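Below, each chain spelled out in residue letters.
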Amino acid sequence: MKIVNVEGIILRLPVRQAVADGTQDDLLIRVETDEGITGYGEVDTSPEVGKAVIDAEMSHGTCYGLREILLGRDPFDIEQLWELMYRKTNYYGRLGAVMHAMSGVDMALWDIMGKALGKPVHKLLGGSYCSDVRAYASLLMPEQAQEVRDAVRGYVAEGFTAIKLGYGPLGQDVRKDVKLAAAAKEAAGSDVEVMIDIGHGYSLKEAMQAAREFENLGIFWMEEPLPPEDWDGYRKLCESTSLRIAAGEQEAGRWTFRRLIWEAGLDVLQPDISRVGGLTEAKRIAYMAHEANRLCVPHAFRTGVLVAACLHLIAAIPNSAFLEFSVTESALRRELLTTPFKVAGGRVSVPTQPGLGIAINPDTVEAYSVRKGI
Ligand SMILES: [Mg+2]
C-alpha cells in the first residue's frame with residue numbers, strides 16, 4: 001500500500017469569538033492510499049499554518065513539507081514515517097506547528113492501518129484495558145457563582161460524574177476563583193469530581209494559596225495554574241500540596257513531557273494527541289507517565305475526530321482515568337461525524353469499528369470548508 005495524497009482541509013464557523021474554545025475551526029487531515037483506503041486525522045493549531053506545513057515545497061534536505069515526505073510511502077511504516085517527518089522538517093519545525101501538523105497525519109495513518117486490517121486502532125496500539133471510559137464534561141467557567149451552579153447541575157442531570165470548568169474569569173483573583181470552585185463543588189455533590197483549569201494565570205504563591213483552598217473543597221485536580229515554562233514553579237507547587245496538579249496541553253514532543261514528569265513532578269499529564277505528535281508520540285508519553293506512577297489524561301477540545309483518538313489511546317494504556325469531553329455548542333463539534341459520540345451514564349464507549357471507527361460527514365465538510373488560499 002502506498003500513500004498517494006495528503007490533504008489539509010480548513011473548516012471554520014462563520015462567527016468566532018476570541019475565547020478559549022478550540023471548536024470554532026479545524027484542520028482536518030485526509031490521507032489517501034492507492035488501495036482506496038482513506039484515513040482521517042485532526043490538528044489543533046492555527047489551521048492555515050498547519051496546512052502550510054503540509055503543502056510546503058522542499059527547500060532543502062531538512063526543510064520539507066509533509067506531503068512531499070509521505071507520497072509513495074507505505075502507511076504501515078508509521079514509526080519510520082514519524083522519524084522522517086521530524087528529521088526532514090528539522091530547520092523550521094521540531095516542537096511547534098510542524099509537530100501539530102504531524103499529529104494529524106499520524107492519526108490518519110493509524111486510521112488507515114486499522115481500516116486495512118479490519119481492527120480498531122486501540123487493538124493495534126497494544127490492546128484494550130476497557131470498553132468504555134468515564135467522561136468529564138469540559139466547559140468554560142461562567143462569570144457568576146449562580147451560573148456555575150446551574151451549569152454543573154445540568155451536566156450532573158445528564159449523567160456526568162466529573163466536570164471541569166476552565167478559563168473565563170479564572171486566574172485573575174484567587175478569592176473569586178475559590179468562590180466559583182466552591183459553587184461548582186456544592187452543586188456537584190460528593191459523588192461527582194470537579195476539576196478547575198486556571199489557564200496559567202497564577203504566580204507560584206497564588207497557586208499555593210489556591211491549592212490549599214481547592215484541597216479543602218475536594219477538587220480533583222487544579223490544571224495549568226502556572227505558565228507552561230515555569231518548571232521550577234511547578235516543582236515547588238507539587239512538593240507543597242497533595243492536590244493533584246495537571247498540565248501538558250500546551251506541549252509538543254515527548255522531551256518536554258520528560259521534564260514535566262521528572263523535573264516539574266506533575267501528577268496528571270495531558271498530552272493533546274492533535275498537537276503532541278499524534279498517537280505514536282502520545283503512547284510514548286503515556287508509558288513514560290506510567291513508569292513514574294502518574295496519570296495520563298489526554299487534553300481534547302476539538303471535534304469527534306480527536307475524541308476518537310483519545311478513546312483509542314485511553315483504552316490501550318493502564319494509567320488514564322477520564323476522557324475530556326467538550327460540551328460546547330459548536331456545530332463543528334456536533335456535526336463533523338455522521339454519528340457523534342454520546343455520553344451514557346457518564347461514560348463513552350470505545351469505538352470497535354476498524355481504524356478510528358468514525359465517519360466524516362461530507363455535508364459538514366462542505367458547509368464549513370474554507371476554500372480560499374492565504
Ligand atoms: Mg486546559
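Our subject is the structure that appears above.
Residues numbered from 1 in each chain as written. Predicted model: local features only at pLDDT ≥ 70, side-chain atom pairs only at ≥ 80, totals over all residues. Heavy atoms only, no water.

**A closer look at the coordination of the magnesium ion**
Our working definition: Each metal site is built from N, O and S donor atoms within 2.8 Å (3.2 Å for Na, K and Ca), and since water is not included, such sites may look incomplete. Working definition: helices are DSSP H or I runs of at least four residues, strands are E runs of at least two. Numbering for both runs from the N terminus. To sort residues, take the accessible area from a 1.4 Å probe on protein chains only and compare it with the maximum for the residue type: under 20% means buried, over 50% means exposed, and anything in between is partly exposed.
Within the protein, the magnesium ion binds to Asp 197 (OD), Glu 223 (OE) and Glu 249 (OE); these donor distances fall in the range 1.9 to 2.1 Å. When the donor residues of the magnesium ion are listed from N- to C-terminus, their spacing reads D-x25-E-x25-E. Here Glu 223, found in strand E7 (residues 221-223), pairs with Glu 249, found in the loop between strand E8 (244-247) and helix H10 (254-262); they are 26 residues apart in sequence, far enough to count as distant. When its relative accessible area of 0% is taken as the criterion, Glu 223 is described as buried. Take Glu 249: its relative accessible area is 6%, and that puts it in the buried class.

**A word on the pairing of strand E5 (residues 162-166)**
Where we set the bar: We treat two strands as partners when DSSP finds at least two bridges between them. Orient the strands so they point away from the viewer, and a crossover whose first-strand-to-second-strand path over the helix runs clockwise is right-handed.
Of all five residues in E5, five are buried, a share of seventy percent or more. Of the two faces of E5, the one carrying Ala 162, Lys 164 and Gly 166 and the one carrying Ile 163 and Leu 165 are both buried. By the bridge criterion, four bridges tie strand E4 (residues 132-140) to E5 in an arrangement that is parallel. Following the sheet pairing, Leu 140 is matched in E5 by Gly 166. A crossover links E4 with its parallel partner E5, the connecting element being helix H6 (residues 145-157), and its sense is right-handed. Relative to strand E6 (residues 193-197), E5 is paired through five bridges, and the arrangement is parallel. Across the sheet, Ala 162 pairs through a bridge with Glu 193, a residue of E6. For the crossover that starts at E5, traverses helix H7 (residues 174-188) and ends in the parallel E6, the hand is right-handed.

**Some thoughts on the sheet that holds strand E2 (residues 25-33)**
Where we set the bar: To obtain each axis, a line is fitted to C-alpha atoms, and for helices this fit is confined to the stretch in contact; angles are then taken between N-to-C directions over 0 to 180 degrees. The contact definition used throughout considers only heavy atoms, calling two residues in contact when any of these lie within 4.5 Å.
Spatially, three strands are ordered E1-E2-E3 in an open sheet, and the strand pairing comes out antiparallel. This sheet does not close on itself; its edge strands, each paired only once, are strand E1 (3-12) and strand E3 (38-43). Recorded for the sheet is a direction-independent mean angle of 20 degrees between the axes of neighbouring strands. With six bridges joining them, E2 and E3 adopt antiparallel strand pairing. Note on E3: the bridge partner recorded for Leu 27 is Val 43. In this fold helix H4 (residues 97-117) packs onto E1, E2 and E3, with an angle of close to 150 degrees to the strand it touches most, E3.

Everything listed here is a matter of geometry and, on its own, says nothing about what the molecule does.
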